[in-house]
Amino acid sequence: MSAPKSAFLAAMIDRGFMHQCTDLEGLDAAAMKGVVTGYIGFDCTAPSLHVGSLVQIMILRWMQQTGHRPIVLMGGGTTKVGDPSGKDESRRLLTDDDIAGNMAGIKQVFAKFLKFGNGPTDAVMVNNADWLDKLAYIPFLREVGRHFSINRMLSFDSVKLRLEREQPLTFLEFNYMILQAYDFVELARRQDCVLQMGGSDQWGNIVNGVELGRRIDDRALYGLTTPLITLASGAKMGKTAQGAVWLNADQCSPYDYWQFWRNTEDADVGRFLRLFTELPLDEIARLERLDGAGLNEAKKVLATEATALAHGRDAAMQAAETARVTFEQGGTASDLPSVSLPRAKLAEGVPAFELVVAAKLAASNGEARRLIRSGGIKVNDQAVGDETAKFGLEHLVVDDAIKVSAGRKRHTLVRAG
RNA sequence: GGAGGGGUGCCCGAGUGGUUAAAGGGGACGGACUGUAAAUCCGUUGGCGACAGCCUACGUUGGUUCGAAUCCAACCCCCUCCA
């Protein structure tokens, strides 16, 4: 089709969110005509979300920014069953309390990105347990099950690939796509929701929902998927040594979050600026034209803008300043991650390897010793050669803290407390 | 229910009686080079430690043996084929 007329789809396409759409022209027309309600489903298996979900969060935000109404669908019902796809480790069944707690945590994340309320374009959060829990098997089969042909279901990638690899596929998993399709129909009925979005791996499930809506309710529903975001170097995005990069401050401080984006690979900067910030496209075009070390400026902008979305502008500026002092001045910023040790303990003197463990820069004494031996540890910017060298109150040089560094990027302040 | 195959460190995977804390790869971390990038090269990668060693570890529990990830038995789990 020619360029979309609606601001929403224009943003989706121009910023790199669009992978596939069931009916681009139809959706564009709907978006031009009025407020479109669209949703994305999220698991509630954890009390927060990580950057792996950020693409989906951003498209909900763009919906709202361009005058539409986003719905966050929590998989309270499906989580109770346990999403069986993916890994084969047996999942612990979550209790209702766990799920409620996780939902509350996830809502905190969304509160940063979306405006919730009762207005026409205010976001709402709904839980599919509200309808899935109450489903009666036989009536459900008769209403919904009759519209699914096994022949067709077997042709979907999610199923087909499993069968081709001769991996087991349980009946439960097989039903998952039906439940997800039904969610869409239910949301269309309850919330007048006509659009489901998701990652490209959700395409089949989304299409099923679109078709089910047409067959049961004769409704025009739309589906849209985003591309799988990987790093230019091929790795999965959002994985670090510490695990996932979480979006809530408790599990990933704004400083660490800023650092995550600051360390983006050169080749990803432009793409990430488009996806994960709301800077104007011409500004992004300018930034990504910087080359060599100049790209570092673009990375700082990316870090600050992305952090501002997740943690607020103030926290982002603070993180940027902490990074500037630490990395560009080689100084010690008082806002670095910190731990405290009892003053009395420091008075006795703490061996270097213990100090490193206390600073959480190593998981065990052995690891700390190895780090020191390989020349990776600095205390107050001085290399430490002896793993048993003692550090104490006299080393509280800056801001009543000892600066302990592992490698060039990881710094912790050890305070007397 | 029957027959066969398999469960090894963060992951994959070699190892079928001793020199095995366990090859190799991946990942991760540290160093060099740089730009807090990528690529490349080097190193490290169970815990404790007075650095002499000690402890824990190859699905689980027992057994054989001077000695077991390796042999035996039972059990648990996974896969394939048959019913």
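Residues numbered from 1 in each chain as written. Chains lettered and ligands numbered in written order. Predicted model: local features only at pLDDT ≥ 70, side-chain atom pairs only at ≥ 80, totals over all residues. Heavy atoms only, no water.

(A) Fine view of the overall build of chain A. When its secondary structure is counted, chain A shows 19 helices and 15 strands. Along the first, second and third principal axes, the C-alpha set of chain A runs to 75 × 50 × 45 Å. Looking at chain A as a whole, 49% of its 417 residues are labelled buried. A sequence separation of at least 24 residues applies to 71% of the contacts in chain A between residues at least 6 apart. As displayed, chain A has an accessible area near 20000 Å², and 50% of this comes from carbon and sulfur atoms. Distance between charge centres in chain A, computed from 48 positive and 51 negative side chains, equals 1 Å. (Helix = DSSP H or I, 4+ residues; strand = E, 2+ residues; numbered from the N terminus. Buried < 20%, exposed > 50% of the residue type's maximum accessible area, 1.4 Å probe, protein only. Contact = heavy atoms within 4.5 Å. Areas by Shrake-Rupley, 256 points an atom, 1.4 Å probe, with all protein chains shown as cover. Lys, Arg positive; Asp, Glu negative; His and termini not counted. Charge placed at Lys NZ, Arg CZ, Asp CG, Glu CD.)

(B) The arrangement of the environment of Lys299 in detail. Relative to the assigned elements, Lys299 resides in helix α15 (residues 295-311). If we skip the residues at most four places from it in the chain, Lys299 touches Trp261, Arg262, Thr264, Glu265, Asp266 and Val269.

(C) Focus on unusual backbone geometry. The backbone of Lys360 sits at a positive phi, close to 65°, despite the residue not being glycine. You can see Lys360 is positioned in the loop between α18 (352-358) and α19 (365-373). Here the phi dihedral of Asp381 falls at roughly 70°; this positive angle occurs in a residue that is not glycine. With respect to the helices and strands, the residue Asp381 is situated in the loop between β11 (377-379) and β12 (382-383).

(D) Local environment of the sheet that holds strand β2 (residues 37-42). Spatially, six strands are ordered β1-β6-β5-β2-β3-β4 in an open sheet, and the strand pairing comes out mixed. The open sheet has two edge strands, β1 (20-21) and β4 (124-127), and neither has a second partner. In this sheet, strand β5 (residues 195-199) lies alongside β2 in parallel orientation, the contact comprising two bridges. For Gly38, the partnering residue across the bridge sits in β5 and is Leu195. Relative to strand β6 (residues 222-226), helix α2 (residues 24-33) is tilted by about 105°, and along the sheet it contacts β1, β5 and β6. (Pairing = 2+ DSSP bridges. Axes fitted to C-alpha atoms, helices over the stretch in contact; angles between N-to-C directions.)

(E) Structural detail: the protein's contact with RNA strand B. Around RNA strand B, the structure places 30 residues, and the nearest of them are Asn263, Asp266, Asn365, Arg369 and Arg408. Each atom of RNA strand B within 4 Å of the protein belongs either to a base or to sugar and phosphate, the latter forming 60%. In the model, a sugar or linking oxygen of RNA strand B is placed 3.2 Å from a nitrogen or oxygen of the Ser374 side chain. With respect to RNA strand B, the side chain of Lys409 contributes an N or O atom lying 3.1 Å from a phosphate oxygen. Of all elements in the fold, only α12 (254-262), α15, α16 (313-328) and α19 reach the threshold of two or more residues within the surface near RNA strand B. Grouping the constituent residues of the surface near RNA strand B by class yields eight nonpolar, 12 polar and 10 charged. (Near = heavy atom within 4 Å. Polar contact = N/O pair within 3.5 Å; in protein donor to acceptor, adjacent residues only side chain to side chain. Nonpolar A, V, L, I, M, F, W, Y, C, P; charged D, E, K, R; others polar.)

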